[in-house]
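Okay, here's what each chain looks like letter by letter:
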Amino acid sequence: MSETEPSAASLSTVATEERVGLWQRTRPALDVMTSIVVVLLLWEGLVRLFDVQPFIFPAPSAVLRSLWLGLASGRYVAALGVTLTEILSGAVIGSLAGLIFAVAMVSSRLVNRMLYPWVVGIQTIPKVAIAPLMLVWFGFGIESKVLIVALTAMFPVMINTISGLNATEHDQIALVQALCGNRMQILRHVQIPAALPYIFAGLNTAIVLAVIAAIVGEFVGARAGIGYLILQANFALDLPAVFSLLTLLGTLGVLLSLGMREIERRVCFWNRRS
Amino acid sequence: MASALEFRNVSLTYRSAGRSPVDAVRAISLAVDDGEFVAVVGPSGCGKSSLLKLALGLQTKSDGVIRIDGKDVERPRPDVGVVFQSPVLLPWRTVLQNVLFPADILHLPREQATRNATDLLALAGLQGFEQKYPYELSGGMQQRVGIVRALVHDPRVLLMDEPFAALDALTREAMSLELQRIWMARRKTIVFVTHNISEAVLLADRIVVMSARPGRIIADLANPASRPRDIQFLSQPFAAALSGQIREHLTRAFAMQAPGIATS
């Protein structure tokens, strides 16, 4: 590294190199910021220039004002709490179910043959299409949304876990077998840890889909949550509110995804360099 | 006294539907004494690895008797250690945890296993690396961890399947000497499969030469030279003659197997 170990070059060269290093490191973040600022300014300018009505297309300033009012009044915070509860509990239930099904299907050919047609069948049905049914069965409360989220989150976790469990190195299994290890020990000590990077790939997909599923569920029928507020604002032609809620939702999705990646980085620390 | 490991008339035939059966190993008889270091040399596809799988109890023989310590091998046994061609370390475990893996699987007392593991790691020159992860080690160090792991549950017999094949030539030599040192300290019965003649001559008390398709034993040569042997040992007349003898047997085996190619 040129910064940590300067060669026999003159001081001025070293200083230039340091500046170049700093510039190169901050450059990507700077590009992103520039892009955001330019687009927002352009958007604001165009709306003002052509005098576009806020119920057709609100300016960023109007959206920000709406966002601030929503957050300060506590309405958005409460809605966020509801939606986040739906997402997290649904994702946890769905992921656990996906893990258990995957282990069962990999462990037993019989279970695999019995479950497979159902899994494929249910997976091919869009979860949006099942949502009204969940409403009939579980009502307008949080339960129906949790179930829709769980159903959606289950499949990516299950599919990825199955490929992970099947991708274990043959010699690693032979090692346990040579030590008189049983099937449970192979699963616990080798297959599951080896499948962790795959499982996390599934979890990353699941958490993103969970956000979508929760909003879809709330659209179909709910009494609270971000999706419910979006519908309300839409009916009232309060487009600044719609935009501010969408911003909130986008931020939530990004944060959940980043959080999952951070957990993955810590759990699968050994997978970074391979 | 019973041999530590004994094959008597062992055959292994792979049968798969729609294809003629393949003899991997035919009528192998081999008795390995307690504490003896035997190298099995042969061309690829001669059934050397099948022989080890049979001794491990991971493969069912078609015919014959396999005994370890006088008892028939029908399934894996806890008193056998194995080293594979690649280190087969678990990347999510530290070096020490990897070495303790057999103790975990066999539910051995933790404290005693840890003491043995620490001693063995020191013996293999891995002191101070206990808390490192496999990706932080070089290939040679990883394979040394693999060898230490195979010894941690104090097996009677150590089976090694081309353990240094994936290493570069210099590391390979260093590792051979390392293995000799560990073996001299711990005196396990070792069956060491390799296709490297020098490695076999350097390490083994006895060298068994196999031919391919079907895998059969075609020579059984003693190597009584004193230990410890170093790399210079290989250039001594005795070692050179032994190497020549092994090569001759292998060439003849190769000629029988593929008469068209070996005439040159």
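Structural notes on the overall build of chain A
Of the regular secondary structure elements, chain A holds 10 helices and 0 strands. Element order for chain A, N to C, with α for helix and β for strand: α-α-α-α-α-α-α-α-α-α. For a compact globule of 274 residues, the expected C-alpha radius of gyration is about 19 Å, and chain A comes in at 25 Å, more than 25% above that figure. With the C-alpha coordinates of chain A rotated into their principal frame, the extents come out at 75 × 75 × 30 Å. Split into buried and exposed, the 274 residues of chain A put 32% on the buried side.

Focus on the overall build of chain B
Looking only at helices and strands, one finds 8 helices and 10 strands in chain B. Its C-alpha radius of gyration of 19 Å places chain B within 12% of the 18 Å reference for a compact globule of 264 residues. Over its C-alpha atoms, taken along the principal directions, chain B stretches across nearly 55 × 45 × 40 Å. Per-residue burial over chain B gives 42% buried out of 264 residues.

Details of the domain arrangement of chain A
Examined at the domain level, chain A breaks down into domain 1 (1-51) and domain 2 (60-271). A straight line from the C-alpha centre of domain 1 of chain A to that of domain 2 of chain A covers 36 Å.

Examining the interface of chain A and chain B
On the chain B side, the residues contacting the 17 residues of chain A number 19 residues. Of all the secondary-structure elements, those providing two or more residues to the side of chain A that touches chain B are helix H7 (170-178) and helix H8 (183-220) of chain A. The leading source of residues in the side of chain A that touches chain B is H7(A), at 7 residues. Within the side of chain A that touches chain B, the residues separate by chemical class into 9 nonpolar, 6 polar and 2 charged.

Structural notes on helix H10 (residues 239-267) of chain A
If you check H10(A), its first and last C-alpha atoms are 42 Å apart, about what 29 residues at 1.5 Å a residue would give, namely 42 Å. Contact partners of the buried residues in H10(A): helix H2 (60-73), helix H3 (75-107) and helix H9 (226-235) of chain A.

A word on the packing of helix H6 (residues 142-166) of chain A against H8(A)
Residues and elements named next belong to chain A. Contact geometry for H6 and H8: axes closest at 7 Å, N-to-C directions at 155°. The orientation of H6 with respect to H8, classified from their angle, is roughly antiparallel. In this structure, H6 meets H8 at a crossing whose hand is right-handed.

A word on the sheet that holds strand E9 (residues 206-211) of chain B
All names here are of chain B. The 6 strands are arranged E6-E7-E8-E3-E9-E10 in an open sheet whose pairing can be described as mixed. The sheet is open, and its two edges are formed by strand E6 (80-83) and strand E10 (216-222), each paired on a single side. Here the strands of the sheet are splayed against their neighbours by 20° on average, with no regard to which way each runs. Here 5 bridges tie strand E7 (residues 157-161) to strand E8 (residues 189-194), and the two strands are oriented parallel to one another. Within E8, the residue paired with methionine 160 across the bridge is phenylalanine 192. Contacts between helix H5 (residues 139-151) and the sheet are confined to E6 and E7, with E6 contributing the most and set at about 170° to the helix.

Re the environment of Gln232(A)
All names here are of chain A. You can see glutamine 232 is positioned in helix H9. Looking at glutamine 232, the number of C-beta atoms within 10 Å reads 14, which means it is partly exposed. For the pair glutamine 232 and valine 242, spaced 10 residues apart in sequence, the C-alpha separation works out to 8.8 Å.

Observations regarding the sheet that holds strand E4 (residues 63-68) of chain B
Residues and elements named next belong to chain B. Read across the open sheet, the 4 strands follow the order E2-E1-E4-E5; overall the sheet is antiparallel. Whereas interior strands pair on both sides, the edge strands pair on one side only; in this sheet they are strand E2 (22-32) and strand E5 (71-72). Examined bridge by bridge, strand E1 (residues 5-14) and E4 share 5 bridges and lie antiparallel to one another. Looking at the pairing, leucine 5 lines up with isoleucine 68 of E4.

Describing helix H4 (residues 110-123) of chain B
Residues and elements named next belong to chain B. Spanning 14 residues, H4 covers 20 Å between terminal C-alpha atoms, matching the ideal 20 Å at 1.5 Å per step. By the burial criterion, the buried members of H4 are Ala117, Leu120 and Leu121. The arc that holds the buried residues of H4, viewed along the axis, is 100°, so those residues lie on one side. Relative to its buried face, H4 has exposed residues pointing more than 90 degrees away, namely Glu111, Gln112 and Arg115.

Quick look at the domain arrangement of chain B
Residue and element names in this part refer to chain B. Each assigned domain of chain B is listed with its residue range as follows: domain 1 (1-79 + 157-163 + 189-264) and domain 2 (80-154). Distance between the C-alpha centres of domain 1 and domain 2: 26 Å. The interface of domain 1 with domain 2 comprises 12 residues on the first partner and 12 residues on the second. Counting residues per element, the side of domain 1 that touches domain 2 draws most heavily on E7, which supplies 5 residues. In terms of residue class, the side of domain 1 that touches domain 2 is made up of 8 nonpolar, no polar and 4 charged.

Criteria and cut-off values
- Residues numbered from 1 in each chain as written.
- Chains lettered and ligands numbered in written order.
- Predicted model: local features only at pLDDT ≥ 70, side-chain atom pairs only at ≥ 80, totals over all residues.
- Helix = DSSP H or I, 4+ residues; strand = E, 2+ residues; numbered from the N terminus.
- Rg over C-alpha atoms; globule rule 2.2 N^0.38 Å.
- Buried ≥ 20, exposed ≤ 12 C-beta atoms within 10 Å, placed from the backbone.
- Domains from an automatic or database assignment.
- Contact = placed C-beta atoms within 7 Å.
- Nonpolar A, V, L, I, M, F, W, Y, C, P; charged D, E, K, R; others polar.
- Expected span 1.5 Å × (residues − 1).
- Axes fitted to C-alpha atoms, helices over the stretch in contact; angles between N-to-C directions.
- Parallel < 35°, antiparallel > 145°, perpendicular 65-115°, else oblique.
- Left-handed = near helix turned anticlockwise from the far one by under 90°.
- Pairing = 2+ DSSP bridges.
- Arc of directions from axis to C-beta.

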